[in-house]
Amino acid sequence: MNGSLTHLGALADPGAFTGPVDLQNTPDETALAMLERMALIRRTEEQIAEMDQAGEVNCPCHYAIGQEATAVGVAQHLRPTDRGFGAHRSHSHYLASGGSVDKLMAEVLGRDTGASRGMGGSMHLYGADIGFAGSVPIVAGTVPLAVGAGLAAKLDGSGDVGVAYFGDGACEEGVVHESLNLAAVMRLPVLFVVENNLYSSHLDIHLRQPSDRVARFAESHGIATHVVDGNDVVEVARVAGELIGRARAGEGPGFIEAVTYRWRGHVGPDENIDVGLRRSAEEVAAWKKRDPIARLRAALETRGLAAADIDGRLDAAETAAKAAREKAYDAPWPPQSALLDHVYAGQGDRS
């Protein structure tokens, strides 16, 4: 998108960008894999939402249903030695990075087989083997950590990158601006990924900022920036590939503002249509027409892929999510003796 824009314009209009995405030169197998990964994220979160509503989940859950394309698009260009950091709404980032759906489901239920051994819940996910260095609920808390990871990668010459996922609300935290400045001055290999879903908790961005376009903060530091339709997985993957490639080559940090929308509320499974000044049933319904999964599927159908091939990927995601749920129910709880493991440095031998 044009970097000179001061407002999002059509990107924030749910009536725009509702048609099939442009597959460009994306191979069939890559597109199908992205479709399956987005579907896995959605089906998994829908299963968790059902458990949440039934009172089976004892930790707050923040859902990224409707926002799957951003995480999946970025992850196309990451490798296990990179270090990604997410916030409270990071089921999608964990799974897009290759995280185990079994471990995610078990973690949400507090089981010993979970991604954080049942000690973290929905908002404290960890997957060192997949390049996901952790998520925390402190708004913007992981942004400087990603910058630190970028500094470490630069010093050791690994060619790796640090990745910070955060929302538009986090852009109002001072540490984000300090992190942007440091990354720019030191030309660190960091990718900043903002999922601008236009709300911070329940407050509309127009009531919090003079512009709904947060990329202006990165541009003020001279950081390479792209503002894109965050529900177009192909476009997100394209710009992520460009910026990550620059970062690995020593050309400094990049910043993606992916404009999207969460179908569910700030926290919990309901749609939050009774809070905020603009969020309404009509607005939510309009944004659902920009469904990233449906738009990619439509593009594949237009290309001529067989419905059976497409449905097979969607069915596989559905099966995996349901199986993970059942497996998590049967998983053991952490032993009481593990309560203080990892609280103090050098304590405990559980990994």
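This is a predicted model, so every value here is computed, not measured.

Draft legend 1. Representation of the pairing of strand E7 (residues 224–229). For E7, the tally of buried residues reaches five of six residues, placing the bulk of the element in the interior. Note: E7 against strand E8 (residues 254–259), six bridges, orientation parallel. Within the sheet, the bridge partner assigned to Ala224 lies in E8 and is Gly254. You can see the chain leave E7, run along helix H8 (residues 233–248) and come back into E8, and the turn it takes is right-handed.

Draft legend 2. Geometry of the pattern of salt bridges. Within this structure, the stated rule accounts for 23 salt bridges. The salt bridge partner of Asp168 is Arg208, with a shortest N-O separation of 2.8 Å. One end of the pair, Asp168, is in the loop between strand E3 (162–167) and helix H6 (174–185); the other, Arg208, is in the loop between strand E6 (203–204) and helix H7 (216–219), with 40 residues separating them in the sequence. Exposure class is identical for Asp168 and Arg208. Each is buried. In this structure, the salt-bridge partner of Arg238 is Glu235, at a minimum N-O distance of 2.8 Å. Remark: Glu235 and Arg238 occur in helix H8; sequence separation between them is three residues, near one turn of the helix. In this structure Glu235 comes out as buried when scored by relative accessible area, which is 16%.

Draft legend 3. Fine view of the side chain of Glu107. Turning to its location among the elements, Glu107 is positioned in helix H4 (residues 101–108). For the buried Glu107, no salt bridge exists, and the shortest N-O distance to an oppositely charged side chain is 7.5 Å, to Arg117. At a separation of 3.3 Å, a polar atom in the side chain of Glu107 contacts the main-chain amide nitrogen of Arg117. A polar side-chain atom of Glu107 sits 2.8 Å from the main-chain amide nitrogen of Gly120. With sequence-adjacent residues up to four places away left out, Glu107 is seen in contact with Gly114, Ala115, Ser116, Arg117, Gly118, Met119, Gly120, Gly121 and Leu125.

Quick notes on the rules
Residues numbered from 1 in each chain as written. Predicted model: local features only at pLDDT ≥ 70, side-chain atom pairs only at ≥ 80, totals over all residues. Heavy atoms only, no water. Buried < 20%, exposed > 50% of the residue type's maximum accessible area, 1.4 Å probe, protein only. Helix = DSSP H or I, 4+ residues; strand = E, 2+ residues; numbered from the N terminus. Pairing = 2+ DSSP bridges. Right-handed = clockwise from strand over helix to strand, strands pointing away. Salt bridge = Lys/Arg side-chain N within 4 Å of Asp/Glu carboxyl O. Lys, Arg positive; Asp, Glu negative; His and termini not counted. Polar contact = N/O pair within 3.5 Å; in protein donor to acceptor, adjacent residues only side chain to side chain. Contact = heavy atoms within 4.5 Å.

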